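# Observations on the model geometry
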Number of protein chains: 4
Amino acid sequence: MNVLFTQNESELNETEIQSILEDMITTHKAKCCTGKVADYIPELGKANENQLGISICTVQGQLIEAGDVDSPITLQSISKVITLALALMDQGEQKVFEKIGMEPTGDPFNSIVKLETISPNKPLNPMINAGAIAVTSLIKGADVEEKLERILSFIRKLSGNSKITYNKKMARSEEETANLNRALAFFMKEHGVIEGEVDHILELYFKHCAIEGCCKDLARIGAVLANNGKDLQTGETIIPLHIARICKTFMVTCGMYNASGEFAIRVGIPAKSGVSGGILAALPFKLGLGVIGPALDERGNSIAGVALLEEMSQRWNFSIF
Amino acid sequence: MNVLFTQNESELNETEIQSILEDMITTHKAKCCTGKVADYIPELGKANENQLGISICTVQGQLIEAGDVDSPITLQSISKVITLALALMDQGEQKVFEKIGMEPTGDPFNSIVKLETISPNKPLNPMINAGAIAVTSLIKGADVEEKLERILSFIRKLSGNSKITYNKKMARSEEETANLNRALAFFMKEHGVIEGEVDHILELYFKHCAIEGCCKDLARIGAVLANNGKDLQTGETIIPLHIARICKTFMVTCGMYNASGEFAIRVGIPAKSGVSGGILAALPFKLGLGVIGPALDERGNSIAGVALLEEMSQRWNFSIF
Amino acid sequence: MNVLFTQNESELNETEIQSILEDMITTHKAKCCTGKVADYIPELGKANENQLGISICTVQGQLIEAGDVDSPITLQSISKVITLALALMDQGEQKVFEKIGMEPTGDPFNSIVKLETISPNKPLNPMINAGAIAVTSLIKGADVEEKLERILSFIRKLSGNSKITYNKKMARSEEETANLNRALAFFMKEHGVIEGEVDHILELYFKHCAIEGCCKDLARIGAVLANNGKDLQTGETIIPLHIARICKTFMVTCGMYNASGEFAIRVGIPAKSGVSGGILAALPFKLGLGVIGPALDERGNSIAGVALLEEMSQRWNFSIF
Amino acid sequence: MNVLFTQNESELNETEIQSILEDMITTHKAKCCTGKVADYIPELGKANENQLGISICTVQGQLIEAGDVDSPITLQSISKVITLALALMDQGEQKVFEKIGMEPTGDPFNSIVKLETISPNKPLNPMINAGAIAVTSLIKGADVEEKLERILSFIRKLSGNSKITYNKKMARSEEETANLNRALAFFMKEHGVIEGEVDHILELYFKHCAIEGCCKDLARIGAVLANNGKDLQTGETIIPLHIARICKTFMVTCGMYNASGEFAIRVGIPAKSGVSGGILAALPFKLGLGVIGPALDERGNSIAGVALLEEMSQRWNFSIF
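If you're wondering where the values come from, they're calculated on a predicted model, not measured in any experiment. (Residues numbered from 1 in each chain as written. Chains lettered and ligands numbered in written order. Predicted model: local features only at pLDDT ≥ 70, side-chain atom pairs only at ≥ 80, totals over all residues. Heavy atoms only, no water.)

### Remarks on helix α8 (residues 179–190) of chain A
Residue and element names in this part refer to chain A. Rule in force here: By definition, any uninterrupted DSSP run of H or I lasting at least four residues is a helix, any uninterrupted run of E lasting at least two residues is a strand, and each is numbered from the N terminus. Given the number of residues in a helix, its expected span is that number minus one, multiplied by 1.5 Å. Throughout, exposure labels follow a simple rule: accessible area from a 1.4 Å probe, protein chains only, divided by the maximum for the residue type, with under 20% read as buried, over 50% as exposed, and the rest as partly exposed.
Counted at 1.5 Å a residue, the expected span for α8 with its 12 residues is 16 Å, and the 16 Å between its end C-alpha atoms agrees. Of all 12 residues that make up α8, 10 are buried, and the element is covered over most of its length. When we look at burial in α8, the residues that qualify are Asn179, Leu180, Asn181, Arg182, Ala183, Leu184, Ala185, Phe186, Phe187 and Met188. The positive-phi residue at the C-terminal boundary of α8 is Gly192, with phi of around 75 degrees.

Laid out in structure tokens, this is it:
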């Protein structure tokens, strides 16, 4: 372990960190009952609302875990960061930002208002649903299957977990409850933000939202982003430096829904959450974090997960600011 | 100089840095002519549109300057960061964030729409006009004079420049063209966001927007923020750590008007701009930057100043992400 | 009485009408308790919530009254129709509609959103607060006093009641609770919709909103509008035909706040309501109506007054559609 | 001919009216060149931009025509009035207005903003696209074919023209360019405003927009509305009185897109326009009007058609206000 974890100016060893984490999990798990599992997609409603787990992965590849780290979740909005990286690698910055903006928004993640009122009518950023659907339309591949396979390969490489796949039942459940996303997609189709078949783009979108991972997978992906896109073992570039940086920037400015500003102030670590209760965080140059806690606060973030990250950040001085 | 400035993996000395900065100034000054000096406040329209200067101040207190660094500008929106720090010190986080939000917004800095449509009707963040007016209402003091004196003392301490004062002609010019700010203030008064006399709050607001400084002043204030709020010489705490951090966070999420997201991606340094063409930036733990270039791009930021900072960030790897 | 009032195809005489009206008052008065007196202006809160009265005035000048017709109310938004007529007579259609639009809006009467989002930034119509403030700024006169005197003379002429004046206590109460109207006015001042001193315009606005009248006055003004602007006795033109028509048109498209569409469907008589619980209605070519019932529904219209007018319209086939 | 058409207080005979109409057509036809044929649906772009024709049909069934009255157009938005009448007859007022509001809006006819920002999320009225799609979903019938057949029968009965049908090429062209309508429909599906298959509802919507008629057909439908829903010859009730009234009310408050308020002021006749350049108008108790002039003004109404109606209204005092 590197000197990241110091307390009262003395360095902590792995056992000490592990023990502190276990204590924190116990403390913050109590908050789960004040949150609520997302249930607008029926499959999501089946999550265990008392689960709370964390994995830390340093850029050197060391892993420390505590709590309920073994039950996987679907990535949901967390996949927005990963598909953004892939789309930027596939198409280049210029093409991507011609279609999708770079600015945060005070509007809800699934809002359609700004698509109509802002000129040109492009999504404000890739972390809201409209932007992520547009990003999805830019992934290369002959058909939905090939595109999905490319996203899966990319995630498997980032996480070092070759078994990662998507949850078919969840993807179907998303598809069945996705009228708002259809509205966003057809609106963007009208304005030339997306090209191609709306149905195919949404099929791919629902499937990559349904990709499953557990805390460890999230932490490892976060560590690769923290490591400027390089593989933790081999140093091979999985994501080019400037693209890894773009991802971390969006994670700060709009990664935590309408609590991104507050999270940046209270925690100060680039992070992306999903309604399944997962959070993927990347502390630049240092470590990746994967948190899973399905009970959500009213803004859609894991209620216990955010509290846990806030305590960690304050105790170990993790804020990048 | 510390090892911040390395090029081709070899450390640069002060003379080398100075010389590189001079070259950059020459390059980017050419962009001034594609921008436009703000003139909605008549006094602002008198600025020299070809001016471009930069000061760098390390947390150790070393200063390097290049270009037109001697003509002062009025702080305009840059004062929003400083009054936020003071209000947080005066009233505490809880009181301040009861009245003003923490979230970025895709709306213009002077927009009134969200004040009406968001519930509760509070300004989304302290970097937009509505939020900054609300912050101004929270500065302690018996009357406008005493409050202004407290802001001035605070800025003098931060910049180490005891001569800093405000430009009376500019303050008057702001007052005469401030109907939109009056609308924002009365709207907030209606909704209980601000208390006290609207006219007094706005008088103070116009005066602190008219405080004058030059590149060096901006750079030194930035360096104190970068130094976690501590005086560069004495180490005395001028701004508590957590408040300095809050300021830097808002500078990233909403410091550059509606180009904050793009600036975070392309430059990656916490920064606040003003329509006078100034930019105050703070690279955490490392240095402060003060840039002045009155010709603005269409989003209200110094056109040459942003280009200069982007080149510096890429050359010397300054991004915090 | 003319043949307006027929029931089962036989004409009603005045006594019969009177008796039917008394019955209706009894029926609908019971609804008062389900409404709520406006209290955002403290003086308004003192109104008698159980009051319900109606006056009918035919274009021949006959008057029938029933219920509580003697307690006056302040006109509030009803004065918007009268000042519109005067401003049109003072400045002509072209000048007035350069500053104020002609279109209904789905937004609340005191909303500021559209002022910002619509281009050009002019109020959508003269029946919302912003539009009425702009109309007020167009009334001719050397100063507030003279302008107010002109409005009062005009209303006295329309109502045939030389004693009409404004309620000073109410005007003061309006002024003290008028931050939203100030916000609207300064916003319009910024965009050139209004000229002159905002404070003077608002003083005049508050005073004409506080003009007092009772059912009879409202009915007589309505009858003049119904009579194409001509005095009921002398036939003298008080309001030119085309201006009387404009007033009646706005009363249909936007006279009843955000229930204008529904009122047009259910009642079908041009009408303007005020938060004091008054309604002034004008059935073209036939009669004027004045209703007072201070208990309001959730959209700001007299709850019993609307019900009464709906029954009258259906019974006597008053709809213009 | 009844006494509707008087000039200088003397009654005009049919030949005189005809001759005046011919002159007006000549005058206003010159305005066609300042307008523009709609071309967002490719088939619409093929219209003859110099066409201008008018039919007048009295409630007694007399018909006077002038100009280019023989080329049919597709109804486009004009079908919104007819399907509203049928849906009200099919489902009753309560059911229809549970799903669709009664209030005009200052927003564009194809706007989605209010669907998101207004609570409950229902379309403001049946004359905007969202509202008309919701109305379409309420037409009774086993399948699209049967529902369309019912709409066609209804129009044939209203117009007395048994040959009326829809233009298949136009319906297909609409379908191919209808992403915005799809967005609106899926948004409403999400919020429970519409039930059933979005694709089927839109198919029916596109087909009824593509129903073809010429001036005479429009005038006759208008005359039935003017005649309180009764057949001009037989007196049979085709549309119940209160439903005919509802239709005419919406025609006033929101029949002419975002120029409804201005049209009510300048013309004062209940009317509904379509982007094909048609206008169907109904002067209560008196006559129906059908105008076709495909060159549109910037708000989507027939530029020469509106001017023609304005002159007619002023000359013959047609305003209902």
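So that's the structure; there's more coming.
### Focus on the interface of chain A and chain D
How we decide: Residues count as neighbours in contact if any of their non-hydrogen atoms are within 4.5 Å of one another. Accessible area that two parts lose when put together, with a 1.4 Å probe and added across both, is what the buried area reports. Should a side-chain nitrogen of Lys or Arg be within 4 Å of a carboxyl oxygen of Asp or Glu, the pair is scored as a salt bridge. Under the scheme applied here, ten amino acids are nonpolar (Ala, Val, Leu, Ile, Met, Phe, Trp, Tyr, Cys and Pro), four are charged (Asp, Glu, Lys and Arg), and all others, including Gly, are polar.
If you look at the interface, chain A gives 15 residues, while chain D gives 15 residues. Interface of chain A and chain D: buried area, both sides summed, is about 1,400 Å²; carbon and sulfur atoms make up 68% of it. It is Glu116, Asn179 and Phe186 of chain A that lose the most area in chain A upon contact with chain D, and together they represent 36% of the buried surface on that side. Counting the contacts that link chain A with chain D gives 0 salt bridges. Among the elements of the structure, α4 (113–117) and α8 of chain A are those that each provide at least two residues to the side of chain A that touches chain D. Of the residues contributing to the side of chain A that touches chain D, the split by class is 6 nonpolar, 5 polar and 4 charged.

### Details of the environment of Ala171 of chain C
All names here are of chain C. On the secondary structure map, Ala171 appears in helix α6 (residues 168–176). Owing to a relative accessible area of 6%, Ala171 belongs among the buried residues under this scheme. C-alpha of Ala171 to C-alpha of Ile211: the two residues are 40 residues apart in sequence and 8.6 Å apart in space. Aside from chain neighbours lying at most four places away, what touches Ala171 is Tyr166, Phe206, Lys207 and Ala210.

### Structural notes on the arrangement of the chains
Between chain A and chain C there is no contact; the minimum C-alpha to C-alpha separation amounts to 8 Å. Taking C-alpha atoms only, the smallest gap left between chain B and chain D, which are not in contact, amounts to 8 Å.

### What to know about the packing of helix α4 (residues 129–136) of chain B against helix α8 (residues 198–209) of chain B
Residues and elements named next belong to chain B. Short version of the rule: Axis lines are fitted through C-alpha atoms, for helices just across the contact stretch, and the angle between N-to-C directions can take any value from 0 to 180 degrees. An angle below 35 degrees is read as roughly parallel, one above 145 as roughly antiparallel, one from 65 to 115 as roughly perpendicular, and any other as oblique.
At a closest axis distance of 9 Å, the pairing of α4 and α8 adopts a crossing angle of 110 degrees. Relative to α8, the element α4 lies roughly perpendicular. Across the interface between the two elements, Asn129, Ala132, Ile133 and Thr136 from α4 touch Ile201, Leu202, Leu204, Tyr205 and His208 from α8. Classifying every residue of the contact of α4 with α8 by side-chain character gives 6 nonpolar, 3 polar and no charged.

### Section: the layout of surface pockets
Residues and elements named next belong to chain C. Note the cut-off: Cavities and pockets are found on a 1 Å grid laid over the protein atoms alone: a cavity is a set of points where a 1.4 Å probe fits but cannot escape, a pocket is an open set with protein on both sides within 12 Å along at least five of seven lines, and a lining residue has an atom within 4 Å of such a point. Grid points are joined across faces, edges and corners, and a volume is the space filled by probe spheres set on the points.
Within this model, the second largest pocket holds a volume of roughly 690 Å³. Looking at the lining of the second largest pocket, the elements that each hand over two or more residues are β1 (6–7), α10 (241–254) and α12 (303–316). Broken down by class, the residue content of the lining of the second largest pocket amounts to 16 nonpolar, 11 polar and 5 charged.

### Considerations on the sheet that holds strand β5 (residues 63–67) of chain A
Residues and elements named next belong to chain A. How we decide: Strands are labelled as partners when DSSP assigns at least two bridges between them.
Within the open sheet, the 5 strands sit side by side as β5-β4-β10-β9-β8. Their pairing is antiparallel. Here the strands that pair on one side only, and so sit at the sheet edges, are β5 and β8 (271–273). The mean inter-strand angle of the sheet, taken between neighbouring strand axes irrespective of direction, is 10 degrees. Pairing geometry for β8 and strand β9 (residues 278–283), over 3 bridges, is antiparallel. Bridge pairing in β9 links Ser273 to Ile279.

### Structural notes on the relation of the copies chain A and chain D
Under the convention used in this document: Least squares is used to superpose the copies, and the fit set is the C-alpha atoms of residues whose pLDDT is at least 70 in both copies.
Under the fitted operation, chain A is carried onto chain D by 0.0 Å of movement along the axis and a turn of 180 degrees, and the coordinates agree to an RMSD of 0.0 Å. Such a combination of rotation and displacement between the chain copies is what one expects of a two-fold axis. Every residue of chain A has its C-alpha some distance from the rotation axis, and the shortest such distance is that of Ala183 of chain A, at 1.9 Å.

### Considerations on a negative patch on the surface
The test is simple: Put simply, a patch holds well-exposed residues, over 30% relative accessible area, that have no salt bridge, with like charges counted together within 9 Å and Val, Leu, Ile, Met, Phe, Trp or Tyr side chains within 5 Å. In short, Shrake-Rupley with a 1.4 Å probe defines the accessible areas, and a residue's cover is counted only from the protein chains shown. His is not counted, nor are the chain ends, whereas Lys and Arg count as positive and Asp and Glu as negative. Taken as the charge centre is NZ of Lys, CZ of Arg, CG of Asp or CD of Glu, depending on the residue.
A cluster of like negative charges, contributed by Glu175, Glu176, Glu197 and Asp199 of chain A together with Glu175, Glu176, Glu197 and Asp199 of chain D, occupies part of the molecular surface. Of all the secondary structure elements, the ones that give two or more residues to the negative patch are α7 (168–176) of chain A together with α7 (168–176) of chain D. Along the chain, Asp199 of chain D turns up in helix α9 (residues 198–209). Assessed through its relative accessible area of 48%, Asp199 of chain D is described here as partly exposed.

### Some remarks on the sheet that holds strand β4 (residues 53–58) of chain C
Through backbone hydrogen bonds, the strands of a sheet pair up, either in parallel or in antiparallel fashion. Residue and element names in this part refer to chain C. Pairing within the open sheet is antiparallel, and its 5 strands lie in the order β5-β4-β10-β9-β8. Each edge of the open sheet carries a strand with a single partner, namely β5 (63–67) and β8 (271–273). Within the sheet, the average angular offset between the axes of one strand and its neighbour, ignoring direction, is 10 degrees. Contacts from α12 reach β4, β9 (278–283) and β10 (287–292) within the one sheet, and its direction differs from that of β10 by about 150 degrees.

### Observations regarding the side chain of Lys99 of chain D
Residue and element names in this part refer to chain D. Applied cut-off: Counting of polar contacts relies on pairs of N or O atoms within 3.5 Å, with two restrictions inside protein: one atom must be capable of donating a hydrogen and the other of accepting it, and residues adjacent in sequence are counted only when both atoms are side-chain atoms.
Secondary-structure assignment places Lys99 in helix α3 (residues 93–99). With relative accessibility at 17%, the residue Lys99 sits in the buried group. Within the structure, the side chain of Lys99 is placed 3.0 Å from the backbone oxygen of Gly192, a separation counted as a polar contact. In this structure, Lys99 is in contact with Lys122, Pro123, Gly192, Val193 and Glu195, ignoring residues within four places of it in sequence.

### Quick word on the pairing of β9 of chain C
Residue and element names in this part refer to chain C. Most of β9 sits inside the fold, with 6 of its 6 residues counted as buried. Neither face of β9 is left uncovered, since the one carrying Gly278, Leu280 and Ala282 and the one carrying Ile279, Ala281 and Leu283 both have all their residues buried. Counting the residues in the hairpin turn of β8 and β9 gives 4 residues, including Gly277, whose phi is positive at 100 degrees. In this structure, β9 lies alongside β10, joined through 6 bridges in antiparallel fashion. Paired with Leu283 across the bridge in β10 is Leu287.

### Examining the domain arrangement of chain A
Residues and elements named next belong to chain A. Operational definition: Note that the domain bounds reflect an automated or database-derived domain assignment.
Here chain A is partitioned into domain 1 (6–74 + 213–316) and domain 2 (77–209). Between the C-alpha centres of domain 1 and domain 2 there is a distance of 22 Å. Contacts between the two partners involve 33 residues from domain 1 and, on the opposite side, 36 residues from domain 2. In total, about 2,900 Å² of surface goes out of reach between domain 1 and domain 2, with carbon and sulfur atoms giving 74% of it. The tally of links between domain 1 and domain 2 comes to 1 salt bridge.

### Digging into the pattern of salt bridges
What the rule picks out here adds up to 56 salt bridges over all chains. Between Arg299 of chain B and Glu262 of chain B there is a salt bridge, and its shortest N-O distance comes to 2.7 Å. Placement of Arg299 of chain B in the loop between β11 (295–296) and α12 (303–316) and of Glu262 of chain B in helix α11 (residues 260–266) is noted, with a sequence separation of 37 residues between them. Through salt bridges with shared partners, a single ionic network connects Glu93 of chain A together with Glu262, Arg266 and Arg299 of chain B.

### Comments concerning the side chain of Glu174 of chain A
Tracing the sequence through the fold places Glu174 of chain A in helix α7. Discounting residues that sit within four places of it in the chain, Glu174 of chain A has contacts with Ile41, Gln76, Phe206, Cys209 and Ala210 of chain A.

### Considerations on the UniProt feature "binding site: substrate" (unreviewed entry) in chain A
Residue and element names in this part refer to chain A. Counted only if it meets this: UniProt positions are given in the numbering used here, feature names are shortened, and annotations may be inferred rather than shown by experiment.
Summarizing the sequence annotation, UniProt attributes the feature "binding site: substrate" (unreviewed entry) to Ser77, Asn129, Glu174, Asn181, Tyr205, Tyr257 and Val275 in the numbering used throughout. Looking at the element boundaries, Ser77 is found in the loop between β6 (73–74) and α2 (79–91). Excluding residues within four positions of it along the chain, Ser77 makes contact with Tyr257, Lys272, Ser273 and Gly274. The class for Tyr257 is buried, based on a relative accessible area of 10%. Each residue touching Tyr257, except ones within four places of it in the same chain, is listed here: Ser77, Phe109, Lys272, Ser273, Gly274, Val275, Arg299, Gly300 and Asn301.

### Here we look at helix α13 (residues 303–316) of chain D
Under the 1.5 Å per step criterion, the end-to-end length of α13 of chain D is 20 Å for 14 residues, consistent within 8% with the ideal 20 Å. Backbone geometry just downstream of α13 of chain D places Asn317 of chain D in the positive-phi region, at approximately 60 degrees.

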